[in-house]
Amino acid sequence: MGETNLVFYGVRGSYPVPHKNTNKYGGNTASILIEKDDHIVILDGGTGIINIGNYLKTRKPHIKHVDLFLTHLHSDHIQGIPFFEPVFDKEFHIAFYCDNNENNGVSFQETIYSLFDRPLSPVGKKGIKAKFDFVELDTRDPRRLTITDDFSLDYIKENNHPLAGVIIYRVNIEDKQVVYATDVETPNGFDGKYLEFIKGVDILIHDSQYFDVDYYAVQNPKKGFGHSTVSMAAANALKAEVKKLFLFHYSPDYTDKDVERMLAEARKTFMKTYLSEEQKKINLRR
Ligand SMILES: [Zn+2]
Ligand SMILES: [Zn+2]
């Protein structure tokens, strides 16, 4: 029997920050691996996905297929894709999932290919060796996406993130549920169908880009930027009665020490809060 794990590979928001002051929790942008035996699901393709590619090399020849679920197409969620090794392996099959709503007339498929094309890259379509598939998610009529009998994903569209909103995913794996809610701004907390969607899950990974003091600052407030504060994340965890909260998508301006202060702040409201941390493996069978 194999393993069932969730591993954070990129936890940072907006842009990568490689620096001695961000080394502990990591400076790579959003990317999370969920593996069940030889089945691989990746959430977002920020620079963290580059190290997932390196990991998958160690799992050859058994793994030849990955499902890559994108929340939206902001650069910090796709910028690692052109450097993801399986792209250059003709035995690999990569299925991309996203919606096409309000992306200014450009399909998500065209956006992904543009990362490989001039002027951004010399690779071109010909340089891509893996087989790509694009699955357009219908956010008006979401259907469960099945990986195996006991590994599936549900999703819901959230429209507060400028300009095209984001997709929130819920991964159902064996007897566990994990919700990935990044790039969400929830000053009034989740309610209605969103609260229902995260209710009681085992793990809630929630945007916590800012401290409240920065979000509500008199000069240059971060309000309306499409991101939550640490207290919004903790309030949602409490309201939805989740088992564990992981803070995620830290502002690139914050050091490891700042991130630790965030943890202390969140725990005043929700004791079972943890920090997402690069290369941190969570065994989902425990
Ligand atoms: Zn982001
Ligand atoms: Zn974004």
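Use the structure listed above.
The written sequence of each chain sets the order in which its residues are numbered from 1. Chains carry letters from A onward and ligands carry numbers from 1 onward, assigned in written order. Only residues with pLDDT of at least 70 get local features here, since the model is predicted, and only at 80 or more are side-chain atom pairs given and counted; chain-wide, interface and lining totals rely on the full set of residues. Excluding hydrogens and water, the side-chain figures rest on all heavy atoms present in the structure.

*Asks:* Sorry, what's going on with helix α5 (residues 230–240) here?
*Replies:* Using a 1.4 Å probe on the protein chains alone, a residue whose accessible area is under 20% of its type maximum counts as buried, one over 50% counts as exposed, and one in between counts as partly exposed. Numbering of helices and strands starts at the N terminus; helices are DSSP runs of H or I of at least 4 residues and strands are runs of E of at least 2. Inspection of α5 places Val230, Met232, Ala233, Ala234, Asn236, Ala237 and Ala240 among the buried residues, and these make up the whole buried set. Here, two residues are considered to be in contact whenever any of their heavy atoms come within 4.5 Å of each other. Lining the buried residues of α5 we find α3 (192–198), β11 (203–207), α4 (212–215), β12 (244–248) and α6 (256–269). The first or second residue beyond α5 is Glu241, which carries a positive phi of 55 degrees.

*Asks:* How should I be thinking about the side chain of Lys176 in this particular structure?
*Replies:* Its location among the elements puts Lys176 in strand β10 (residues 176–181). Within the local environment of Lys176, its side chain forms a polar contact with the backbone oxygen of Leu284, the two atoms lying 3.1 Å apart. Reaching out from Lys176, the side chain makes a polar contact with the backbone oxygen of Arg286 at a distance of 3.3 Å. Apart from the residues within four sequence positions on either side, Lys176 is in contact with Val171, Asp202, Leu284, Arg285 and Arg286. Here a polar contact is recorded for every N or O atom pair within 3.5 Å, except that within protein the pair must consist of a potential hydrogen donor and a potential acceptor, and residues adjacent in sequence are included only if both atoms are side-chain atoms.

*Asks:* Looking at this structure, how should I read the sheet that holds strand β6 (residues 131–136)?
*Replies:* Strand pairing in a sheet relies on backbone hydrogen bonds, with the paired strands running either antiparallel or parallel. Spatially, 7 strands are ordered β6-β5-β4-β3-β2-β1-β14 in an open sheet, and the strand pairing comes out mixed. Every other strand in the sheet has two partners, leaving β6 and β14 (281–283) as the edge strands with one partner each. The sheet shows a mean angle of 20 degrees between the axes of neighbouring strands, taken without regard to direction. Examined bridge by bridge, strand β1 (residues 4–10) and β14 share 3 bridges and lie antiparallel to one another. Bridge pairing in β14 links Val7 to Lys281. Only strands joined by at least two bridges in the DSSP assignment are considered to pair. Working convention: axes come from line fits to C-alpha atoms, limited for helices to the stretch in contact. Angles between N-to-C directions cover 0 to 180 degrees.

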